[in-house]
Structure formats: structure tokens, C-alpha cells
Amino acid sequence: MLRVIAGEAKGLRLETPEGSVRPTSDRAREALFSILHTRLAGARFADLYAGSGANGIEALSRGAAHCAFVDSDSRAINAVGRNLFHTKLGHKSRSYQLTLPDSLGALASKEPAFDIVFCDPPYTGTDYEMLLSEVAGNKLVAAGGLVIVEHESKLQLPQSVGGLEKQREARYGRVGMTFFA
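One structure accompanies this document, and this report is about it. Because the structure is predicted, anything quoted here is derived from the model rather than measured.

This paragraph deals with the pattern of salt bridges. By the definition in use, this model includes 11 salt bridges. One salt bridge connects R22 with D120, and the closest N-O pair in it is separated by 2.9 Å. In this pair, R22 is assigned in the loop between strand 2 (13–14) and helix 1 (26–36) and D120 in the loop between strand 6 (114–119) and helix 5 (128–137), connecting sequence segments 98 residues apart. Exposure remark for R22: the relative accessible area of 30% places this residue in the partly exposed category. In this structure, the salt-bridge partner of E150 is R22, at a minimum N-O distance of 3.0 Å.

Pasting the structure below:
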């Protein structure tokens with residue numbers, strides 16, 4: 001069962017779309033948002049490879065001002081919409097069905113830069129360096145902002161890509177998260 005962990009929508013269940021979605025575990029999500037808690041109030045958050053939208057909804061529930069949800073799968077975008085309706089957080093968000101990372105330029109043309117960009121791509125077949133290069137190259141991150149990439153814990157991401165520098169790494173069982181600024 002996927003649920004909102006804290007904030008105004010705390011405890012509400014979230015729908016997971018059909019298909020090959022791997023939601024961030026509650027444990028990893030709780031740890032992530034403990035790290036981010038001082039940055040969330042009024043923040044602009046991007047949830048790339050959104051799936052159910054759980055990470056962006058958690059950010060909104062905890063005080064983020066806006067979230068852009070992006071996924072290439074229409075089932076995921078539809079599930080995000082239903083989850084936003086259920087949590088009553090839709091007024092602070094926009095959803096985009098875009099192919100990632102190729103369409104990040106289209107996102108950048110519709111949205112101002114984000115304070116936090118969360119990327120949870122498929123663990124297999126993802127070119128993480130290209131993803132980070134596209135995020136940086138399309139200026140999706142505001143000055144002083146963060147990019148967080150979820151990946152398999154055994155994977156080591158590069159120290160720097162496209163002007164983004166690794167700041168922190170965290171591991172939660174089989175889940176790894178790398179923070180860039």
C-alpha cells in the first residue's frame with residue numbers, strides 16, 4: 001500500500017498505475033524527505049518519471065508550492081491525476097506526458113526552473129549521465145537547487161555532470177539516492 005507519509009495529506013492512500021512502475025519505498029521516501037525538509041516550504045518541485053506521483057505529492061503535502069509531474073506513460077499520468085484529486089493537491093501542480101529525457105527542453109519551455117528535481121528512472125536501460133546532462137543543459141534547476149537521482153544502491157554516479165556536482169549519496173537497502181547541485 002502506497003500512502004502519503006506526512007503533511008496535509010498524511011495517511012491518504014495513493015493509486016499505483018498498471019505497468020512497470022517501481023514506487024519509491026516508504027522507508028526511502030521518508031528518509032529523502034527528512035533530508036529535504038528545510039528546503040520544501042514554498043519550493044518548486046519536479047517529479048520526473050513520476051509513476052504514481054508519490055514523491056511529488058509528498059513534497060506538496062509537506063509544503064512545496066508547486067510540482068510538475070512528468071512521465072511518458074499515459075497510465076501513470078492518469079494515476080497522478082487521480083491521486084492529486086484524492087489528496088486535494090491538484091491546484092498546486094501540472095502534469096506532462098513527455099518522453100524522458102529527450103523532452104526536457106519542452107518542460108523547460110513551460111515551467112520556470114525548479115528548486116528540487118527528483119528523477120526516478122527505470123533502473124535498467126537508463127543513461128544516468130545523459131539524464132543529468134539534459135537536466136543541467138535545459139536549466140531545469142534554479143540557482144541553489146538540487147537534483148536527486150534514485151537508482152540501484154550498488155550504482156555509482158559520476159562526481160560531476162554538465163556543471164552539476166555530487167553533494168551526497170544515501171543508501172536505503174537496494175535503493176540509492178545521489179544528490180547533485
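Let us keep going from here.
You can see I57 is positioned in helix 2 (residues 54–61). The class of I57 is buried, set by a relative accessible area of 0%. For I57 and A181, which are 124 residues apart along the polypeptide, the C-alpha to C-alpha distance reads 22 Å. Filtering out sequence-adjacent residues up to four positions away, I57 remains in contact with V4, L14, S52, F69, N83, L84, T87 and L89.

Turning to the packing of helix 1 against helix 2, a few remarks are in order. At their nearest, the axes of helix 1 and helix 2 sit 11 Å apart, and the two run at 40° to each other. The angle between the axes of helix 1 and helix 2 places the two elements in the oblique class. In the crossing of helix 1 with helix 2, the sense of the turn from one axis to the other is right-handed. Across the interface between the two elements, R29, L32 and F33 from helix 1 touch A54, N55, E58 and A59 from helix 2.

Attention now moves to the pairing of strand 7 (residues 141–152). Two elements, strand 6 and strand 7, share five bridges in a ladder whose sense is parallel. Residue pairing in the sheet places V117 in a bridge with V147 of strand 7. For the crossover that starts at strand 6, traverses helix 5 and ends in the parallel strand 7, the hand is right-handed. Pairing geometry for strand 7 and strand 10 (residues 175–180), over six bridges, is antiparallel. Residue pairing in the sheet places V149 in a bridge with T178 of strand 10.

Locating T178 in the fold gives a position in strand 10. In this structure the side chain of T178 is engaged in a polar contact, spanning 2.7 Å, whose partner is the side chain of H151. Setting aside residues up to four positions removed in sequence, T178 forms contacts with V147, I148, V149, H151, L157, K166, R168 and E169.

Criteria and cut-off values
Residues numbered from 1 in each chain as written. Predicted model: local features only at pLDDT ≥ 70, side-chain atom pairs only at ≥ 80, totals over all residues. Heavy atoms only, no water. Salt bridge = Lys/Arg side-chain N within 4 Å of Asp/Glu carboxyl O. Helix = DSSP H or I, 4+ residues; strand = E, 2+ residues; numbered from the N terminus. Buried < 20%, exposed > 50% of the residue type's maximum accessible area, 1.4 Å probe, protein only. Contact = heavy atoms within 4.5 Å. Axes fitted to C-alpha atoms, helices over the stretch in contact; angles between N-to-C directions. Parallel < 35°, antiparallel > 145°, perpendicular 65-115°, else oblique. Left-handed = near helix turned anticlockwise from the far one by under 90°. Pairing = 2+ DSSP bridges. Right-handed = clockwise from strand over helix to strand, strands pointing away. Polar contact = N/O pair within 3.5 Å; in protein donor to acceptor, adjacent residues only side chain to side chain.

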